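Coordinates in review
What follows is the residue order along each chain.
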Amino acid sequence: MDINYELYKVFYYVATTLSFSEASKQLFISQSAVSQSIKALEKKLDQTLFIRSTKRVQLTPEGEILLRHVEPAMNLIKRGESQLMDSATTGGQIRIGASDTICRYFLVPYLKRFHKEFPNAHIKVTNQTSIKCVELLETGQVDLIVTNYPNSYLSSLTTVKKIKNFKDVFIANESFSELKGRKLSLKELLQYPILMLDRKSTTSEFLHSLFQQHQLDLVPEIELSSNDLLIDLASIGLGIAFIPDYCIPHKSDNLFIVETDEELPTRQLVIAHNHHVPSSKAALEFLNYFTPLEEV
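Bear in mind the structure is a predicted one, so any value in this text is a computation, not a measurement. Each residue is numbered by its place in its chain's sequence as written, counting from 1. Thresholds applied to this predicted model are a pLDDT of at least 70 for local features of residues and 80 or more for the giving and counting of side-chain atom pairs; totals over whole chains, interfaces and linings are not thresholded and use all residues. Calculation of side-chain values draws on the structure's entire complement of heavy atoms; hydrogens and water are dropped beforehand.

A fitted line through C-alpha atoms serves as each axis, taken over the contacting stretch for helices, and the angle formed by two N-to-C directions is quoted from 0 to 180°. Helix numbers and strand numbers start at the N terminus; a helix is a DSSP run of H or I with at least 4 residues, a strand a run of E with at least 2. In contact at an axis separation of 8 Å, helix α1 (residues 5-17) and helix α2 (residues 20-27) are set at 130 degrees when each is read in the N-to-C sense. Of the possible angle classes, the one that applies to α1 and α2 is oblique. Helix-helix and strand crossings are classified by hand; for α1 and α2 the assignment is right-handed. Touching Lys9, Val10, Tyr13, Val14 and Thr17 of α1 are Phe20, Glu22, Ala23, Gln26 and Leu27, all from α2. Under this scheme an angle from 65 to 115 degrees is roughly perpendicular, one under 35 degrees roughly parallel, and one over 145 degrees roughly antiparallel; angles in between are oblique. Less than a right angle of anticlockwise turn of the near helix away from the far helix marks a crossing as left-handed, whereas a clockwise turn marks it as right-handed. In this description, contact between two residues means that some pair of their heavy atoms is separated by no more than 4.5 Å.

Written out as C-alpha cells, the structure reads:
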C-alpha cells in the first residue's frame, strides 16, 4: 500500500498529543491541513483512527495498533537524523535511560567523564524505572539503558552487558535497635513494617519473588518510587527499608543493616542497547567506558 510518509507523520503527532491544534503547532501547518491529512489516511486504510468530540480526541483500537508501529519508526527516523549530524570529534548526541537511583549513585561519574571528553556532545537522560526503560529502548526513544538485572522485560533484541555486582540490604534506624547483632528469617521480617519500591520496578519483583520462594506473602507497609525516600523514612523510624547496597548513606550514624538468615542473591547493573539499530558515535564511546563482568 503506497501511503505518503507525511500522512503517517501527521498521524503520529495527533496520536501522541491527542490534539489536532497542538499537532498543527508542532508541524507548523494549519489545523485544517491536519484534519484533512487524518481523513485521507483513514480513507486509504479504510479504518477510523480517532474518535473526535468537541472536548477531546482519543485513539480507536485500530489507531492504537497503528501507533505502536508508527512510533518506533518515527523515533528511528529522528535517530537517523541526529546521527547524520554527528561529528567525528564529539559523537553528536547520546540518549540514556536509567532510574533515578542508578543515575544518582552510579552513572554520574561516567556522565561527568563523557561531558569532559566530549564537551560539545548533547546528553539526554530520561529517568524511568528499569521496566519502563526497556520500553524506551525498544521503541527507539533512547540509545541505551542502564538497568537492574535480572529484568524479565529485556528481549532478545538487546545486547546486554553486566557492569556491576551489588546486593540488596534491609536497613533500619535505632527504633529497631533490638535487631542489631541478630539474623532474622524472612518470616520474622514480616513482623516488622517493610518499606520498598512500588510494584512497577524490578526490585519489587525481585523481593516479592524471594519471599514467594519461601512460601511467604510480602505485604509492605509503604511502597514508593524512590530509594532516597525509602532511606529518609527508614531514618525516622517508619520501618525497615529494602535498598541496593550502593545506596547506603556513607554518613549515617542512625542506620544499620538488618541481617538475614537467608543470603540474598547477588544482582547486577547492566547496560543494554538494541543491536538491530546502528549506534551513534556518542553511544559507542559511552558503551566503551564499561568493562563487562561477563556476558549475559
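There's more to say after this.
At least two DSSP bridges between two strands are needed for those strands to be called paired. In spatial order, the strands read β8-β12-β7-β11-β9-β10; together these six strands make up an open sheet with mixed pairing. Edge positions in the sheet fall to β8 (183-184) and β10 (222-224), since each of these pairs with one other strand and no more. Sheet analysis places β8 next to strand β12 (residues 256-260), joined by two bridges and oriented parallel. Bridge pairing links Lys183 to Glu259 in β12. Seen against the sheet, helix α8 (residues 202-213) touches β7 (168-172), β9 (194-197), β10 and β11 (240-244) and runs at an angle of roughly 135 degrees to β9. On the sheet, helix α9 (residues 227-235) packs against β7, β9, β10 and β11 and is oriented at approximately 145 degrees with respect to β11.

Here Leu269 is to be found in strand β13 (residues 267-274). For Leu269 and Asn148, which are 121 residues apart along the polypeptide, the C-alpha to C-alpha distance reads 4.8 Å.

Before going further, it helps to spend a moment on the side chain of Asn148. Topologically, Asn148 is positioned in strand β5 (residues 144-149). Any N or O atom pair separated by 3.5 Å or less is treated as a polar contact, with the protein-specific requirement of one donor-capable and one acceptor-capable atom, and with residues adjacent in sequence counted only for side-chain atom pairs. Within the structure, the side chain of Asn148 is placed 3.4 Å from the side chain of Thr202, a separation counted as a polar contact.

Here helix α3 (residues 31-45) is 15 residues long and its end C-alpha atoms lie 21 Å apart, about the 21 Å a rise of 1.5 Å per residue gives. Residue burial is assigned from relative accessible area. The probe radius is 1.4 Å, only protein chains are included, and a residue is buried under 20% of its type maximum, exposed over 50%, and partly exposed in between. If you check which residues of α3 are buried, you get Val34, Ser37, Ile38, Leu41 and Glu42. Along the axis of α3, the buried positions cluster into a sector of 135 degrees, meaning they face one direction only. Along α3, the residues that are exposed and aim more than 90 degrees away from the buried face are Gln36, Lys39 and Lys43. Expected helix span is taken as 1.5 Å per residue step, with the number of steps being one fewer than the number of residues. This arc corresponds to the set of directions leading from the helix axis out to the C-beta atoms.

A sheet is described by the order of its strands in space; here five strands give the open sequence β4-β3-β5-β13-β6, paired in mixed fashion. Edge positions in the sheet fall to β4 (122-127) and β6 (158-166), since each of these pairs with one other strand and no more. Each adjacent strand pair in this sheet contributes to an overall mean axis angle of 20 degrees, direction not counted. Where strand β3 (residues 93-98) and β5 come together, three bridges link them in parallel fashion. Each bridged residue has a counterpart across the sheet, and for Ile96 the counterpart in β5 is Leu144.

Here we come to the nonpolar core. By nonpolar core we mean a set of buried residues, namely Ala, Val, Leu, Ile, Met, Phe, Trp, Tyr and Cys, connected to one another through side-chain atoms within 4.5 Å. With 36 residues, the main nonpolar core has Leu107 and Phe286 as its most contacted residues. Broken down by element, the residue count for this core peaks at six residues, all from helix α5 (residues 100-117). Listed in part, the 22 residues of the second largest apolar core include Val10, Phe20, Leu41 and Leu67.

Mapping Thr101 onto the fold places it in helix α5. Reaching out from Thr101, the side chain makes a polar contact with the side chain of Asn227 at a distance of 2.9 Å. Contacts of Thr101, omitting those with residues within four sequence positions, involve Phe106, Asn227, Tyr246 and Cys247.

So, about α8. The terminal C-alpha atoms of α8, which comprises twelve residues, lie 16 Å apart, in line with the 16 Å expected from a rise of 1.5 Å per residue. Considered for burial, the residues of α8 that qualify are Thr202, Thr203, Ser204, Phe206, Leu207, His208, Leu210 and Phe211. Positive phi appears at Gln215, one or two residues downstream of α8, with a value of about 55 degrees.

What follows concerns the packing of α2 against α3. Here α2 crosses α3 at 105 degrees, and the two axes come no closer than 8 Å. The angle between the axes of α2 and α3 places the two elements in the roughly perpendicular class. Facing Phe20, Ser21, Ala23 and Ser24 of α2, the residues of α3 in contact are Gln31, Val34, Ser35 and Ile38.

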